[in-house]
Amino acid sequence: MEIIKEKIDSGKAFGFGRTSKGYAKYRDIYPKEFYEKLVECGIGVNGQDCLDLGTGTGVIPRNMYKYGAKWTGTDISENQIAQANLLALNNKMDIRFRVVSAENMDFPDESFDIITACQCFWYFDTKELAPKLARMLKKDGRLVVMQMAWLPEEDRIAGLSEKLVLEYNPEWSGGGWTRGPVYISDDVLESFDIVHREGFDLNVPFTRESWNGRMKTCRGIGASLSDVEIAAWEREHRALLALTAPEEFDVLHYAAIAVLKKK
């Protein structure tokens, strides 16, 4: 399933289903501090029914599973959901996954206490989606929008890797992140009020192998380039890391969370 959004990568088609096996292996990178922040906000705890939008390979539900909530994950990509189901099964986790776009979900009214969206909210048609999410949330339910991105201007390795992505895919608009709050559009604020915002730095550990895998599975490379282009990028990226990075290192990221309550 390829996606084309005019405001993303100048309309260049992409699909994370092309990267699903690598995504499952290399994109489960959020540190425990990230999940603890959610728990501190009362998100994903025992007794709650939670829905994770754009779940990919189920990273959020699988890592939050131990805190006791019941989880459902949805994603537009059949390949991503196949990997999510496999990982949940291997870890003996009872998580329900569905292949469906966020805009086409048909869950009944007041199905969930919590709806989460991590590193994906900008892909959705929020004008259409926001009232649907409010309808699916129970009274006093919460919508939680999250993101975590490396800081290329402050982290040398991240900056060099990002520069190489742009050399192969100049249309990629996923770089250049700086510290800042989660963006919530006016469309969403017609149905929700922001009740909590938080941002914090995280040092995320990698090896050369896992960082190469993380970058290879980003939208600008694995999700959008041809196999020949991906292979050429990877050869150059591995050579770059051999020259500039130790075998193990941290990459500075900035995470941000916005918690919203339906009106």
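Everything in this summary refers to the structure shown in the same document. (Residues numbered from 1 in each chain as written. Predicted model: local features only at pLDDT ≥ 70, side-chain atom pairs only at ≥ 80, totals over all residues. Heavy atoms only, no water.)

1. A closer look at the packing of helix H8 (residues 208-216) against helix H9 (residues 227-244)
Interhelical geometry of H8 versus H9 gives an angle of 145 degrees and a closest axis separation of 10 Å. Where H8 crosses over H9, the two elements pack in a sense that is right-handed. Between H8 and H9, the contacting residues are Arg 208, Glu 209, Trp 211, Asn 212, Met 215 and Lys 216 on the first element and Ile 230, Trp 233, Glu 234, His 237, Arg 238, Leu 241 and Ala 242 on the second. Class assignment for the residues of the contact of H8 with H9 results in six nonpolar, two polar and five charged. (Axes fitted to C-alpha atoms, helices over the stretch in contact; angles between N-to-C directions. Helix = DSSP H or I, 4+ residues; strand = E, 2+ residues; numbered from the N terminus. Left-handed = near helix turned anticlockwise from the far one by under 90°. Contact = heavy atoms within 4.5 Å. Nonpolar A, V, L, I, M, F, W, Y, C, P; charged D, E, K, R; others polar.)

2. A closer look at H9
Taking 1.5 Å as the rise per residue, H9 with 18 residues should run 26 Å; its terminal C-alpha atoms sit 25 Å apart, in good agreement. The complete set of buried residues in H9 reads Ile 230, Ala 232, Trp 233, Glu 234, His 237 and Leu 241. The elements touched by buried residues of H9 are helix H6 (156-168) and H8. (Expected span 1.5 Å × (residues − 1). Buried < 20%, exposed > 50% of the residue type's maximum accessible area, 1.4 Å probe, protein only.)

3. Things to note about the environment of Asp 109
Mapped onto the secondary structure, Asp 109 falls in the loop between strand E3 (96-99) and strand E4 (112-118). Sequence separation between Asp 109 and Met 146 is 37 residues; the distance between their C-alpha atoms is 24 Å. Not counting residues up to four positions away in its chain, the partners in contact with Asp 109 are Arg 135 and Met 136. A polar contact is formed between the side chain of Asp 109 and the side chain of Arg 135, at a distance of 2.6 Å. (Polar contact = N/O pair within 3.5 Å; in protein donor to acceptor, adjacent residues only side chain to side chain.)

4. Quick word on the packing of H6 against H9
Two numbers describe how H6 lies on H9: the axes approach to 11 Å, and their chain directions differ by 155 degrees. The orientation of H6 relative to H9 falls into the category roughly antiparallel. The handedness of the crossing between H6 and H9 comes out as right-handed. Between H6, through Arg 156, Ile 157, Leu 160, Ser 161, Leu 164, Val 165, Glu 167 and Tyr 168, and H9, the contact on the second element is made entirely by Glu 229, Ala 232, Trp 233, Glu 236, His 237, Leu 240, Leu 241 and Thr 244. (Parallel < 35°, antiparallel > 145°, perpendicular 65-115°, else oblique.)

5. What to know about the sheet that holds strand E6 (residues 192-207)
One open sheet holds the seven strands; their spatial order is E3-E2-E1-E4-E5-E7-E6, and the pairing between them is mixed. Pairing within the sheet leaves two strands with one partner each, and these edge strands are E3 and E6. On average, each strand axis in the sheet is inclined to that of its neighbour by 20 degrees, with strand direction left out of account. As paired strands, E4 and strand E5 (residues 137-150) are joined by six bridges and run parallel to one another. Opposite Thr 116, over in E5, you have Val 144 as the bridge partner. Seen against the sheet, helix H5 (residues 126-136) touches strand E1 (49-53), E4, E5, E6 and strand E7 (248-262) and runs at an angle of roughly 130 degrees to E5. (Pairing = 2+ DSSP bridges.)

6. Quick notes on the side chain of Ser 191
Within the secondary structure, Ser 191 is located in the loop between helix H7 (186-189) and E6. The class for Ser 191 is buried, based on a relative accessible area of 14%. The contacts of Ser 191, once residues within four sequence positions are left out, are Ala 130, Pro 131, Ala 134, Lys 261, Lys 262 and Lys 263.

7. Thoughts on unusual backbone geometry
Of note in this structure, Ser 10 is not a glycine but carries a positive phi near 55 degrees. Structurally, the position occupied by Ser 10 is in the segment before helix H1 (20-26). Relative accessible area serves as the criterion here: at 57%, Ser 10 is assigned to the exposed category.

8. Regarding the environment of Ala 158
Inspection of the secondary structure assignment puts Ala 158 in helix H6. Looking at Ala 158, the relative accessible area reads 0%, which means it is buried. Between the C-alpha atom of Ala 158 and that of His 253, which follows or precedes it by 95 residues, the distance is 9.4 Å. The contacts of Ala 158, once residues within four sequence positions are left out, are Trp 150, Pro 152, Trp 211 and Val 251.

9. A few points about H6
Residues three or four positions apart in an α-helix share a direction because the helix packs 3.6 residues into each turn. With 13 residues, H6 extends 19 Å from end C-alpha to end C-alpha; this agrees with the ideal 18 Å at 1.5 Å per step. Taken together, the buried positions of H6 are Ile 157, Ala 158, Ser 161, Glu 162, Leu 164 and Val 165. Projected down its long axis, H6 shows its buried positions confined to an angular sector of 160 degrees, all on one face. Exposed and facing more than 90 degrees away from the buried side of H6 are Arg 156 and Lys 163. Looking at the buried side of H6, the elements it contacts are E5, H8, H9 and E7. Among the residues of H6, the N-terminal cap falls to Asp 155, whose side-chain oxygen and the backbone nitrogen of Ile 157 are separated by 3.2 Å. (Arc of directions from axis to C-beta.)

10. Side note on the environment of Ile 184
Tracing the backbone shows Ile 184 in the loop between H6 and H7. Note on Ile 184: relative accessible area 7%, which makes it buried. As for Ile 184 and Thr 126, which are separated by 58 residues in sequence, their C-alpha atoms are 9.5 Å apart. Those residues within four positions of Ile 184 in sequence are excluded, and the remaining contacts are Val 145, Leu 189, Ile 194, Arg 197, Ala 258 and Leu 260.

Fair warning: the whole summary comes from geometry, so function is off the table for now.
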